[in-house]
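Survey of secondary and tertiary structure
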Amino acid sequence: MASPPEQHSQVVMTGSITERNADDISQFLCDMVSGGVVKTLELDVSAVSYIDSFGITALDRVMNLLQQKNGRLVLSKCGPVVKKIIDIVKSGAHRGVFASRSELDKYLYSLQSAFISTQVDATA
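As the structure is a prediction and not an experimental result, all values here were calculated from the model.

Observations concerning the nonpolar core
If you look at the biggest cluster of nonpolar residues, it comprises 25 residues, and the most contacted ones within it are Met13, Leu29, Leu41, Leu43, Ile51, Val62 and Leu73. Counting residues per element, the ones that place at least two in this core are strand 1 (7-17), helix 1 (22-34), strand 2 (38-51), helix 2 (53-68), helix 3 (80-91) and helix 4 (101-123). Sort the elements by how many residues they give to this core and strand 2 lands first, with six residues. For leucine 73, the contacting residues outside a window of four places in its chain are Leu41, Leu43, Leu59, Val62, Met63 and Leu66.

Considering the packing of aromatic side chains
With the rule as written, the count across this model stands at one aromatic pair. Ring centres of tyrosine 50 and tyrosine 109 lie 6.0 Å apart, and the angle between their planes is 65°; on these two criteria the pair is classed as edge-to-face. Pair noted here: tyrosine 50 is in strand 2 and tyrosine 109 is in helix 4, with a separation of 59 residues, a long-range link. Classification of tyrosine 50 by relative accessible area gives buried; the value is 16%.

What counts and how
Residues numbered from 1 in each chain as written. Predicted model: local features only at pLDDT ≥ 70, side-chain atom pairs only at ≥ 80, totals over all residues. Heavy atoms only, no water. Core = buried A, V, L, I, M, F, W, Y, C linked by side-chain atoms within 4.5 Å. Buried < 20%, exposed > 50% of the residue type's maximum accessible area, 1.4 Å probe, protein only. Helix = DSSP H or I, 4+ residues; strand = E, 2+ residues; numbered from the N terminus. Contact = heavy atoms within 4.5 Å. Phe/Tyr/Trp six-rings, centres within 6.5 Å; stacked < 30°, edge-to-face > 60°.

In C-alpha cells, the structure reads:
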C-alpha cells in the first residue's frame, strides 16, 4: 500500500503566544505533525500581537519535531513586532544577559511595547 502524500498545512494564529497558552499551542501543533503526513507547517502569524519566550520555546518544539521528520516550519505574514522578537532570539542577542526567564520576558515586552509605540507615532 502506498504511503500518503506529504502535506502542506496552514494554521492561522491570532492574539498572543505566551506562558498562558504556549503549551497548548505547542501540543496542538505537535499533534498535527505527529500523524506523519504534514511535512510543511505554515503558521500565518499576521494576527499575532505579542510573543514571549514561552511562545518562542513552543515554536521551537514544533520546529524540532518537524525537522526530525525531514519537514519544516514556516512563519508567514510575520508582522514587524513578532519579526523583531524572532530576529533577536535567532541572533542570540539575549543570551547570557538575563538572570531569569521572567527578566527576559520583561525585556521582550518592553521591546515590543516600544516598537508598537514607535509605529503608532510614525503614522500620526
